[in-house]
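For reference, the chains in residue letters:
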Amino acid sequence: MLHEFKYSLLTQLREKQSLFWLFCFPLLLSTAFYSAFGNLYEDHEVFQTIPIAVVAQTENEWFSMALESVSEGEDALFAVTEADRAEAETLLQDKRVEGIVFVGKTLSLTVRGSGVAPSILQSFLEQYAVQEAVIKDIAAQQPERLDVVMAAMSQDLNCLKTEPLTQGSMDPYAHYFFALLAMVAMMGSSRGLQASVSNQANLSPIGARKTVSPIHKFQCVAAHTLSSFLVQSLSMCVCISYILFVLRVDMGERIAMLYVAGLAGTLTGVAMGYCIGAIPGLSETVKVGISIGVTLGSSLFSGLYVAEIKAAIMTSCPLLNDINPTAVVVDLFYCLSMYEDYDRFLQKLLILGIMTLVFLFAGFLMTRRKRHASL
Amino acid sequence: MPVFKVFLRILKKYRIVMFMYIAIFVSLSIGLIKFDKQDTGFEAERLTISVSDLDQTAASKALIAYISAYNEIAAPIIGKDAVLDQLYFRSVDLVLTIEEGYAERLAAGETEPLLTDYRVPDSYSAALFDAQLERYLTAVSGYLVSGLEINAAAQKALETAKPQIAVETLQDEKTTAGTVGNGMIGYFRYLPYILIGVLVSAISPTVLVLMSKEIRNRMNCSAISTSSQTAQISLGIIVVSLGVYALLTGIAALLFGSDFWTWNSWYVNLNSLVFMLFCTVLTMFLSQTAPNTLVLNMIVTTANLLLCFLGGVFVPQEFLSETVLRFSRFLPTYWYVRGLYLATGYNGEPWNATDYAMCVCLQLGFAIALFCITLLIARNKRQTQSNA
Amino acid sequence: MGNTVVQIENLVKRYQELIALDHFNLKIQEGEVFGLLGPNGSGKTTVINCLLSLLRYDKGSIAIFGQPMNPEQYAIKAQIGVIMQNVAVLQELTVRENIDYFCGLYITDKAKRKQYVNEAIAFVGLEEFEKFYPKKLSGGLLRRLNIACGIAHKPKLIILDEPTVAVDPQSRNKILEGITELNRQGATIIYTSHYMEEVEQICTRIAIIDKGKNIAMGTCDELRRMIHRTENITVETAELPDAVLKQICALEYVYEAAFADNTLTVLCSGGKHNLVKLLEIFAQADIAFGRVYSERPSLNDVFLEITGRELRDKE
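Being a predicted model, the structure only gives us computed values, none of them experimental. (Residues numbered from 1 in each chain as written. Chains lettered and ligands numbered in written order. Predicted model: local features only at pLDDT ≥ 70, side-chain atom pairs only at ≥ 80, totals over all residues. Heavy atoms only, no water.)

**Q** Looking at this structure, how should I read the overall build of chain B?
**A** Helices and strands together make up the secondary structure of chain B, namely 15 helices and 5 strands. Each principal axis of the C-alpha distribution contributes one length, and for chain B these read about 100 × 45 × 40 Å. The buried share of chain B, taken over its 388 residues, is 53%. At a minimum sequence separation of 6, the contacts of chain B that also span at least 24 residues come to 75%. Positive and negative side-chain charges in chain B, numbering 27 and 30 respectively, have mean positions lying 24 Å apart. (Helix = DSSP H or I, 4+ residues; strand = E, 2+ residues; numbered from the N terminus. Buried < 20%, exposed > 50% of the residue type's maximum accessible area, 1.4 Å probe, protein only. Contact = heavy atoms within 4.5 Å. Lys, Arg positive; Asp, Glu negative; His and termini not counted. Charge placed at Lys NZ, Arg CZ, Asp CG, Glu CD.)

Below, the structure written as structure tokens:
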């Protein structure tokens, strides 16, 4: 078995074109992902002080005070630029401010279009307007309580307590890197398939030669599958290392376990390929097509191209995620990144383990003691 | 035209790959239609908020009514893991729980904690919700202090907290916004990925077969001149490219109905036609340079993903960093997407005929440059082989 | 010649409606170079694949070294060497590595294997090409490598399935010499081919197979004796009057004579001096002639007489 292992490893490492797929393609793809998604979360989701322009058509001391209170300090809501109408419109056109507040008899707002920052700006102005309306209402009906009301309304309410959810980063774009790693794991299916095909007499002359040798088929297949796993694992480890240490994508603190997850996924990918390769009655071309189709299809449903697909399946039909090996591998990385305990991680690992065993067992059953109807 | 006919016959072998790409694209496009909304000026952002009401009082219902006036309410989510999943994937923007005793304690002047939430920390959506919540609860607090009882205060605050601020958008009569929905924009934005994938995956291997040494030598011994062979192969490439383009455009016409036939969609189609031309030339280039199908697959997958990620096909250009955009300007996909934005007024992009023409011309320029390189490589190859 | 190495009885193999092997029988003794001769599609490779338990068969029995053969007979497999029709080598390994790899499937002892590999390389004459990769080798050299991979472990039974297809004459001779040498070293050889010249040259016993049936079996001489014809005489001459041709046909032992394209072909059955008598007729008729040769019938003649067809299609 060691002999078979040594030579199958050597053969795989000498396939130059296949080495490109193995190493360069995942690195190129993760670089492309990083360039596209790398700063999306920080730049567009994490709150940053909203730049606004204020055009003071009339004096409004109360509004100025209210605006000042939210424009100071490190956690300021707005960064205010005072300007005239023309200047403000230029700033807005050039996307240097998110909106123009016109302070006149009433407040009004001009924005470029829809968006969350303009909505926050609008909400702040509405809050001021509401407070004004409440005060006017109470002043009209119960003027004796006006001072108390104004004092109560100017206090910070602190009604809302935010519960901590996770230590991990809520960057949803990290999901694409999880999906990429899952795809790298499933790319091992092409190696597993080769391990299967190269040991079948009806699909390869090498397979025929091996079949007539006294080596037990199990030994041949096991050795080849193991070497395929080793080679693909190298690719996985290089990819994980590149994403973590070069691109510096936040995937949690449990770095060693990330590699474990990657290796578990790789084993499943190789096993899946081996099982596909063992399906009787199909040519090698068809099997390769099935392997590619399953890899790409399962990657699609694991959210590699559109993350919302996985989210939708997770809500509407979670079982579908659990039978999709790529989605399960994605979940492994996700659990390590987001959950503190290992419960769900171990659950997913178990599912993956069962899948691997099923693939290997099914593959072995389909090829053992095989005599073919035709060669 | 025997070479042309055999080109089509060989191409038939790859029709499954072609249709697979197209089928996946069309399925995704149908999903995109649900995002097909007209961009008509300013609309306040509506968050998706999951609300659990443990208080079940008139006051808590009034709070929910207020929240639902400005946001979408989602069903309560059970379990912290499920909450995390939904927040992570942004299926919901916030998960709010109205604690038991909310009305009672608010009436008594206690404020901590009447409500608990799970959120994406330090996010714009969290800041927006905070602003909305504070608007309402400040009003409730004011009415409570003024002497109203809690339910009355809640109802009154609900009425007072209605929008009062006039919001205008910066008007530009040149903008084309409002005539093409986001679904169609999404369809044409993803088009480069499919065009490159379909054309190169099917046409390049076909050309590789016809240009293999043995086949070419045999063809060169025939009565058909080399230039006629090349012309017939080129004709095959052009016919198939046009056919695929027509199919994809036809699908767009079916999916997007009246949107497709608006005045600016002609610009959209011209833009995509020019890009298709670039894809055709790219196909020819890769057919000349890739030594076999395996290497071809590697190159096309890598090139396609890089062109599309960096050009703003998968991730809108407004989200790409300046560093990336500086590099992207050297890619035809970047100019294709720019042209699409100009033609559709996406993201408030005002119509500018000069800019649009530049985008189209740059794509043509890329196509011409690549075509020249392809010719050079082809001639070099022929000379090398005739000297060998 | 002693023990029976291979015994095939009543073997039937069908591919749906087509009967590839039709109650095929075969017995090969130890030390033989046994030739399996037949045209393309006759079932030679099918016999080999059934013998090696690569193919399922519908009926019959196969025994090798006295034991029934099945895919789990690893002890039997250890003594068999196979050289398939398709070259089965790994493109990513050098010549030496390929031989070492395939030998390693049979021989686990490293030192012993190293020695065997060296001997195999020397045997097929690939010493200069040890470090070459298969894609750098010519067709002939590739076939030699293919053979080396199959015999490096010194098997007792060697099966060669059309090993000289598309091979240059030099390599072909080398291969045939090598097979003879292997046999001299004690291996039993099964050699399948549709080239009768090769089979005639090296095989001690031959079975002719056609449409899945063993139609004739024996040594070359025994096969020749199975047919009517004992001698083929060919005379090149510019002209041959009909009267002379009739005279030739009337000769005792001549059963067929034909003149076409300036060549007279005479088929004889029996007789000792047929050529002399023929030349006497030529002398009497004062007919000039060019080359004259007489030969014993070939295996192709045997095949033709039994089946009515040529072993190989006329080129």
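**Q** I'm lost on the overall build of chain C in this one. Help?
**A** Within chain C, the secondary structure is distributed over 11 helices and 14 strands. Viewed in the frame of its principal axes, chain C has a C-alpha envelope of about 75 × 45 × 35 Å. Expressed as a percentage of the 315 residues in chain C, the buried residues total 51%. If you take every contact in chain C between residues at least 6 apart in sequence, the share linking residues at least 24 apart comes to 68%. Split by element, the accessible area of chain C, about 14,700 Å² in all, is 48% carbon and sulfur. (Areas by Shrake-Rupley, 256 points an atom, 1.4 Å probe, with all protein chains shown as cover.)

**Q** How do you make sense of the domain arrangement of chain C when you look at a structure like this?
**A** Accessible area lost upon the coming together of the parts is a frequently used measure of interface size. Residues and elements named next belong to chain C. Taken domain by domain, chain C comprises domain 1 (4-225) and domain 2 (231-307). Spacing between the C-alpha centres of domain 1 and domain 2 amounts to 40 Å. Contacts between the two partners involve 14 residues from domain 1, matched on the other side by 9 residues from domain 2. Carbon and sulfur atoms supply 77% of the area that domain 1 and domain 2 bury against each other, a total of about 950 Å² over both sides. Inspection of the domain 1/domain 2 interface yields 1 salt bridge. Across the pair R296 and D221 runs a salt bridge whose closest N-O atoms are separated by 2.3 Å. Summed over the shared surface of domain 1 and domain 2, the number is 3 residue pairs in polar contact (both at pLDDT 80 or more). Of all the secondary-structure elements, those providing two or more residues to the side of domain 1 that touches domain 2 are α7 (196-202), β9 (205-210), β10 (213-218) and α8 (220-225). Top contributing element to the side of domain 1 that touches domain 2 by residue count: β9, with 4 residues. (Domains from an automatic or database assignment. Buried area = accessible area lost by both parts, 1.4 Å probe. Salt bridge = Lys/Arg side-chain N within 4 Å of Asp/Glu carboxyl O. Polar contact = N/O pair within 3.5 Å; in protein donor to acceptor, adjacent residues only side chain to side chain.)

**Q** Please explain unusual backbone geometry as it appears in this structure.
**A** Across residues other than glycine, the phi torsion is negative in most instances, and most of the peptide bonds are trans. Residue and element names in this part refer to chain C. The residue N262 is not glycine, and still its phi comes out positive at about 60°. Structurally, N262 is set in the loop between β12 (254-260) and β13 (263-268). N262 gets classed as partly exposed once you look at its relative accessible area, which sits at 46%. Phi at D286 is positive, roughly 55°, even though this residue is not glycine. You can see D286 is positioned in the loop between α10 (274-284) and β14 (292-295). Overall, D286 belongs to the exposed group, its relative accessible area being 71%.

**Q** When you look at the environment of N324 of chain A in this model, what are you seeing that I'm missing?
**A** Residues and elements named next belong to chain A. Examined against the element boundaries, N324 turns out to sit in the loop between α14 (318-322) and α15 (325-338). Taking the C-alpha atoms as reference points, N324 and T295, 29 residues apart in sequence, are found 10.0 Å from one another. Dropping the residues within four chain positions of it, N324 is found in contact with S298, F301, S302 and M355.

**Q** Looking at this structure, I do not really get the interface of chain B and chain A. What am I missing?
**A** Taken together, the contact between chain B and chain A spans 83 residues of the former and 87 residues of the latter. Both sides of the chain B and chain A interface together cover about 7,500 Å² of buried area, and 67% of this is carbon and sulfur. The largest contributions to the chain B side of the interface with chain A come from Y88, Y124 and L170 of chain B, which together make up 12% of the buried area. Run the count over chain B and chain A and you get 3 salt bridges. Counting across the interface, chain B meets chain A through 28 residue pairs in polar contact (both at pLDDT 80 or more). Of all the secondary-structure elements, those providing two or more residues to the side of chain B that touches chain A are α2 (15-32), α4 (80-88), β4 (115-119), α6 (124-145), α7 (150-160), β5 (166-169) and α12 (293-311) of chain B. If you tally residues by element for the side of chain B that touches chain A, the top one is α6 of chain B, at 18 residues. The class makeup of the residues in the side of chain B that touches chain A is 44 nonpolar, 22 polar and 17 charged. (Nonpolar A, V, L, I, M, F, W, Y, C, P; charged D, E, K, R; others polar.)

**Q** Would you take a moment to explain a nonpolar patch on the surface for this structure?
**A** Taken together, the side chains of V288, I292 and L296 of chain A together with M20, I24 and L28 of chain B present a nonpolar region at the surface, about 430 Å² in accessible area. When contributions to the nonpolar patch are tallied by element, the ones reaching two or more residues are α12 (284-301) of chain A together with α2 of chain B. With respect to the helices and strands, I24 of chain B occurs in helix α2. Residue I24 of chain B is classed as partly exposed on the basis of its relative accessible area, which comes to 36%. (Patch = residues over 30% accessible without salt bridge, like charges linked within 9 Å, V, L, I, M, F, W, Y side chains within 5 Å.)

**Q** How should the interface of chain C and chain A be read in this particular structure?
**A** Of the residues lining the interface, 38 residues belong to chain C; the matching set on chain A comes to 27 residues. With both sides pooled, the region where chain C packs onto chain A buries about 3,100 Å², and carbon together with sulfur makes up 60% of that total. The largest per-residue losses of area from chain C upon contact with chain A belong to L54, Y101 and L105 of chain C, which jointly make up 21% of the total buried on that side. Here R14 of chain A ties to E97 of chain C by a salt bridge, and the two come within 2.5 Å at their closest N and O atoms. Connecting chain C to chain A are 12 residue pairs in polar contact (both at pLDDT 80 or more). Broken down by secondary-structure element, the contributors of at least two residues to the side of chain C that touches chain A are β1 (4-15), α2 (74-77), α3 (95-104) and α5 (139-151) of chain C. Of all the elements, α3 of chain C adds the most residues to the side of chain C that touches chain A, at 5 residues. Split into classes, the residues belonging to the side of chain C that touches chain A amount to 22 nonpolar, 8 polar and 8 charged.

**Q** When you look at the side chain of T138 of chain B in this model, what are you seeing that I'm missing?
**A** Looking at the secondary structure, you find T138 of chain B in helix α6. Here T138 of chain B is in contact with Q127, Q131, M153 and L157 of chain A, once residues within four sequence places are set aside.

**Q** Just to check I follow, could you spell out α15 of chain A for this structure?
**A** The α-helix advances 3.6 residues per turn, and as a result positions three or four apart in sequence lie on the same side. Residues and elements named next belong to chain A. Counted at 1.5 Å a residue, the expected span for α15 with its 14 residues is 20 Å, and the 20 Å between its end C-alpha atoms agrees. Burial runs high along α15: 14 of the 14 residues are buried. A distance of 3.0 Å separates the backbone nitrogen of T326 from a side-chain oxygen at the start of α15, and that oxygen is part of N324. (Expected span 1.5 Å × (residues − 1).)

**Q** For this particular structure, what's the right way to read the packing of helix α1 (residues 2-13) of chain A against α3 of chain C?
**A** Relative orientation and spacing of two packed helices are given, respectively, by the angle between their axes and the distance between those axes. At a closest axis distance of 10 Å, the pairing of α1 of chain A and α3 of chain C adopts a crossing angle of 150°. By the angle class used here, α1 of chain A and α3 of chain C are roughly antiparallel. In this structure, α1 of chain A crosses over α3 of chain C, and the sense of that crossing is left-handed. Taking contact as the criterion, the partners of H3, E4, Y7 and L10 of chain A in α1 of chain A are, on α3 of chain C, E97, D100, Y101 and G104 of chain C. Looking at the contact of α1 of chain A with α3 of chain C residue by residue, the class counts come to 3 nonpolar, 2 polar and 3 charged. (Axes fitted to C-alpha atoms, helices over the stretch in contact; angles between N-to-C directions. Parallel < 35°, antiparallel > 145°, perpendicular 65-115°, else oblique. Left-handed = near helix turned anticlockwise from the far one by under 90°.)

**Q** What am I meant to see in the state of the cysteines here?
**A** A covalent bond between the sulfur atoms of two cysteines is referred to as a disulfide. As enumerated under the stated definition, the model contains 0 disulfides over all chains in all. C237 of chain A carries a free sulfur, and the closest cysteine sulfur to it, the one in C239 of chain A, is 10 Å from it. (Disulfide = S-S within 2.5 Å.)

**Q** Help me out: how do you make sense of α7 of chain B in this one?
**A** Buried residues of α7 of chain B: I150, A153, A154, A157 and T160 of chain B, and no others. Seen from one end, α7 of chain B has its buried residues packed into an arc of 130°, which puts them on one side. Buried residues in α7 of chain B make contact with α6 (116-141) of chain A together with α3 (58-70), α5 (102-107) and α6 of chain B. (Arc of directions from axis to C-beta.)

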